[in-house]
Amino acid sequence: MESFDLRVRDFNLGLTLSSGQVFHWATSDGCHWHGMLGKHFYHLHQPKASFLRVHTTASPSLGRQDLSHYFGLDQSLQRILKSFPKDPLMREATHAYKGLRLLRQDPWVTLVSFILSSTKQILQIRQTVQEISCRFGSPHAIQTHHSPAWAFPDPAQLVQAGESRLRACRMGYRAKYLYQTACLIQEGQIQLDSLRTCSLEEAREVLMQCPGVGPKIAECVLLFGYGFQEAFPMDVWIRRILEDYYLPGQKSSVAQVQAFVADYFGPHSGYAQQYLFDHVRNLPSEVWQAMVKASPFAQGS
DNA sequence: CCCCAGGTAGCCA
DNA sequence: TGGCTACATGGG
């Protein structure tokens, strides 16, 4: 294991890894995190705002490169935040979640994670992702006090596992979707890497050919896996936020809502979406109700 | 017992 | 297009 410090700015490790965009990092205290990135094991914590302490099986130079890319540290978060609208909710969310960044995850890992996410709570998504990793992923020997780690299973490993053994990980009806999607990718009918050079629309169309991938999960993979920051996943929380706060009392069609989102939240709308999601999701419901009442978008304001 | 969870697919008008 | 509903499983 190698150790080194990585300088960071405008970055909060705990907020980022506990947000609803990624599910395969483990922690016991919310400060120390460990998991696999590709074939390498990483142990991370942030003793000060200005740097991460890293222990890894990767070489320091590769580790720095991988982590900088993964956490998007080459992008200016300030510039992104400046592009957000300045309403009270957005201001509160960006203040409460300072240092939350969108990750550049592996498309396959993202696709699998979000196929498993449908009508599941975030804690359970984490458990299921953990489960398929240690059952079907390749074990990674580490000679430290850390618990053993497993690489995220690749398509061939999930195909070989088969639908019934996937189902045994308590993923329910999602087992069929996951198995069939793994087959499509393992056979080469869908090439996730080739989507990196596609437009958002082209990539979306291909992703939605995967069983179990509809509009919402496709947006998640586009946003978290391919870095399209204008991709905008509309889950139950975001729908609630739009209906109650931004478009109260309006019976808008899906297309109208999408038009509002693109126009109002701008070129990093997906990034803004993540702040709103994590903020409102963790707000006591009375506080949220009060926010809704005070919405500047409400009638008579 | 109820309701809900970062939805999707299939069916119907 | 828009509106059902089944689909597994766990938690509050």
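Residues numbered from 1 in each chain as written. Chains lettered and ligands numbered in written order. Predicted model: local features only at pLDDT ≥ 70, side-chain atom pairs only at ≥ 80, totals over all residues. Heavy atoms only, no water.

## What to know about the nonpolar core
Argument step 1. Counting residues in each nonpolar core, the largest one holds 73 residues, and the members touching the most others are Leu 242, Tyr 246 and Phe 265.
Argument step 2. The element contributing the most residues to this core is helix α10 (residues 215-224), with 7 residues.
Argument step 3. Mapping this core onto the domain boundaries places at least three of its residues in each of domain 2 (77-96 + 228-301) and domain 3 (108-224).
Argument step 4. Apart from residues no more than four positions distant in its own chain, Phe 265 is found in contact with Ser 83, Pro 85, Met 90, Phe 232, Leu 242, Tyr 246, Phe 260, Ala 272 and Leu 276.
Argument step 5. In this structure, Leu 17, Trp 33, Leu 52 and Ala 58 belong to the second largest nonpolar core, which totals 19 residues. (Core = buried A, V, L, I, M, F, W, Y, C linked by side-chain atoms within 4.5 Å. Buried < 20%, exposed > 50% of the residue type's maximum accessible area, 1.4 Å probe, protein only. Helix = DSSP H or I, 4+ residues; strand = E, 2+ residues; numbered from the N terminus. Domains from an automatic or database assignment. Contact = heavy atoms within 4.5 Å.)

## Focus on the protein's contact with DNA strand C
Argument step 1. In the vicinity of DNA strand C, the contacting residues are Thr 119, Gln 121, Gln 124, Arg 167, Arg 170, Gly 172, Tyr 173, Arg 174 and Ser 253.
Argument step 2. Protein-proximal atoms of DNA strand C, defined as those within 4 Å of the protein, fall in sugar or phosphate at a share of 71%.
Argument step 3. The separation between a sugar or linking oxygen of DNA strand C and a polar side-chain atom of Gln 124 is 3.1 Å.
Argument step 4. Note that a phosphate oxygen of DNA strand C is positioned 3.1 Å from one of the side-chain N or O atoms of Arg 167.
Argument step 5. Looking at the surface near DNA strand C, its residues break down into 1 nonpolar, 5 polar and 3 charged. (Near = heavy atom within 4 Å. Polar contact = N/O pair within 3.5 Å; in protein donor to acceptor, adjacent residues only side chain to side chain. Nonpolar A, V, L, I, M, F, W, Y, C, P; charged D, E, K, R; others polar.)

## Describing helix α11 (residues 236-246)
Argument step 1. Taken as a whole, α11 has its buried residues at Ile 238, Ile 241, Leu 242, Tyr 245 and Tyr 246. Viewed along the axis of α11, the buried residues span an arc of 105°, placing them on a single side of the element.
Argument step 2. Next to the buried residues of α11 lie α4 (88-96), α12 (254-265), α13 (269-281) and α14 (285-293). (Arc of directions from axis to C-beta.)

## With respect to the sheet that holds strand β4 (residues 40-48)
Argument step 1. What the 5 strands build is an open sheet, ordered β1-β5-β4-β3-β2; its pairing is antiparallel. On the outer flanks of this sheet lie β1 (2-7) and β2 (26-27), each paired with one strand and no other.
Argument step 2. Inspection of the sheet shows β1 paired to strand β5 (residues 51-56) by 6 bridges, in the antiparallel sense. Paired with Phe 4 across the two strands is Val 54, which belongs to β5.
Argument step 3. The strands that helix α2 (residues 60-70) touches are β1, β3 (33-37), β4 and β5; relative to β1, the one it contacts most, it runs at about 40°. (Pairing = 2+ DSSP bridges. Axes fitted to C-alpha atoms, helices over the stretch in contact; angles between N-to-C directions.)

## Some words on the domain arrangement of chain A
Often, the extent of an interface is quoted as the loss of accessible area upon association of its parts.
Argument step 1. In terms of domain boundaries, chain A breaks down into domain 1 (2-74), domain 2 (77-96 + 228-301) and domain 3 (108-224).
Argument step 2. For domain 1 versus domain 3, the distance between C-alpha centres works out to 22 Å.
Argument step 3. In this complex, domain 1 contributes 17 residues to the contact, which on the side of domain 3 involves 16 residues.
Argument step 4. Taking both sides of the interface into account, the surface hidden between domain 1 and domain 3 amounts to around 1,300 Å²; carbon and sulfur atoms contribute 68%.
Argument step 5. Inspection of the domain 1/domain 3 interface yields 0 salt bridges.
Argument step 6. Applying the counting criterion to the domain 1 and domain 3 interface returns 3 residue pairs in polar contact (both at pLDDT 80 or more).
Argument step 7. Mapped by element, the contributors of at least two residues to the side of domain 1 that touches domain 3 are α1 (13-18), β3 and β4. (Buried area = accessible area lost by both parts, 1.4 Å probe. Salt bridge = Lys/Arg side-chain N within 4 Å of Asp/Glu carboxyl O.)

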